[in-house]
Amino acid sequence: MKKCEVVIKGGKEQGKGSSSSSVSLKSVSYGHCQKNHAAKSGGYALDGCREFMAGGEEGTRDSLKCAACGCHRNFHRREVEEADQSS
């Protein structure tokens, strides 16, 4: 499963002479596919894809399509892990 890291920088905290800033690291991964393949017939059926695998190089259209099930990345469960770091 491919993980992406997102860095969010917070501004300097105001008050009590504090000049520290915080950085929040977020690790994003995509898990189980949740696309309902039987929605047209009124049923509910998942394909069993357990994780998102990019179908192409980063920055291309194929990178948003799962190589295992063929669904778009948005159908896969997004899992975010946060780690706060203060300086």
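Residues numbered from 1 in each chain as written. Predicted model: local features only at pLDDT ≥ 70, side-chain atom pairs only at ≥ 80, totals over all residues. Heavy atoms only, no water.

**Q** Could you clarify how one ought to interpret the overall build of the protein in this entry?
**A** When helices and strands are counted, the protein shows zero helices and three strands. When the helices and strands of the protein are placed in sequence order, the string is β-β-β. Here the protein, with 87 residues, has 16% of them falling under the buried criterion. In the protein, the proportion of contacts linking residues at least 24 apart, taken out of those at least 6 apart, comes to 46%. (Helix = DSSP H or I, 4+ residues; strand = E, 2+ residues; numbered from the N terminus. Buried < 20%, exposed > 50% of the residue type's maximum accessible area, 1.4 Å probe, protein only. Contact = heavy atoms within 4.5 Å.)

**Q** Explanation requested: the side chain of serine 63 in the structure shown.
**A** Take serine 63: it is sitting in the loop between strand 2 (22-33) and strand 3 (76-86). Classification of serine 63 as buried rests on a relative accessible area of 9%. Here the side chain of serine 63 touches threonine 60 through a polar contact of 2.6 Å, landing on its backbone oxygen. With near-sequence residues (within four places) excluded, serine 63 lies in contact with Phe52, Ala54, Gly55, Gly56, Glu57 and Glu58. (Polar contact = N/O pair within 3.5 Å; in protein donor to acceptor, adjacent residues only side chain to side chain.)

**Q** Looking at this model, I keep getting lost on the environment of alanine 38. Mind explaining?
**A** On the secondary structure map, alanine 38 appears in the loop between strand 2 and strand 3. Those residues within four positions of alanine 38 in sequence are excluded, and the remaining contacts are Gly43, Tyr44 and Ala45.

**Q** What should I look at first to understand the confidence of the model for the protein in this one?
**A** Any segment with low pLDDT has predicted coordinates that should not be analysed in fine detail. Across the protein, pLDDT averages 80, with 70% of residues at or above 70. No element of the protein has a lower mean pLDDT than strand 1 (residues 4-9), which averages 54, and none a higher one than strand 2, which averages 84. (pLDDT = per-residue confidence, 0-100.)

**Q** Explanation requested: the packing of aromatic side chains in the structure shown.
**A** Pairs of aromatic rings are described using the distance from one ring centre to the other and the angle between the two planes. Applying the stated rule across the entire model yields one aromatic pair. Note on tyrosine 30 and phenylalanine 52: the rings are 6.1 Å apart at their centroids and 65 degrees apart in plane angle, and the pair reads as edge-to-face. Of this pair, tyrosine 30 sits in strand 2 while phenylalanine 52 sits in the loop between strand 2 and strand 3, and the two are 22 residues apart along the sequence. Over the aromatic face of phenylalanine 75 sits the side chain of lysine 35, whose NZ or CZ is 5.2 Å from the ring centroid. (Phe/Tyr/Trp six-rings, centres within 6.5 Å; stacked < 30°, edge-to-face > 60°. Lys NZ or Arg CZ within 6 Å of the ring centre and 35° of its normal.)

**Q** I keep staring at the state of the cysteines and nothing clicks. Help me out?
**A** Should the sulfur atoms of two cysteines be covalently bonded, the bond is a disulfide. Under the counting rule described, the total for this entry stands at zero disulfides. As a non-bridged cysteine, cysteine 66 has cysteine 69 as the owner of its nearest cysteine sulfur, 3.8 Å distant. Classification of cysteine 66 by relative accessible area gives buried; the value is 3%. Cysteine cysteine 69 shares no disulfide, and the gap to the nearest cysteine sulfur, in cysteine 71, comes to 3.7 Å. (Disulfide = S-S within 2.5 Å.)

**Q** Sorry if this is basic, but what is going on with the side chain of histidine 76 here?
**A** Relative to the helices and strands, histidine 76 is located in strand 3. Residue histidine 76 is classed as buried on the basis of its relative accessible area, which comes to 3%. Sequence-distant contacts of histidine 76, defined by excluding residues within four places in its chain, comprise Tyr30, Gly31, His32, Cys33, Cys49, Glu51, Phe52, Cys66, Cys69 and Cys71.

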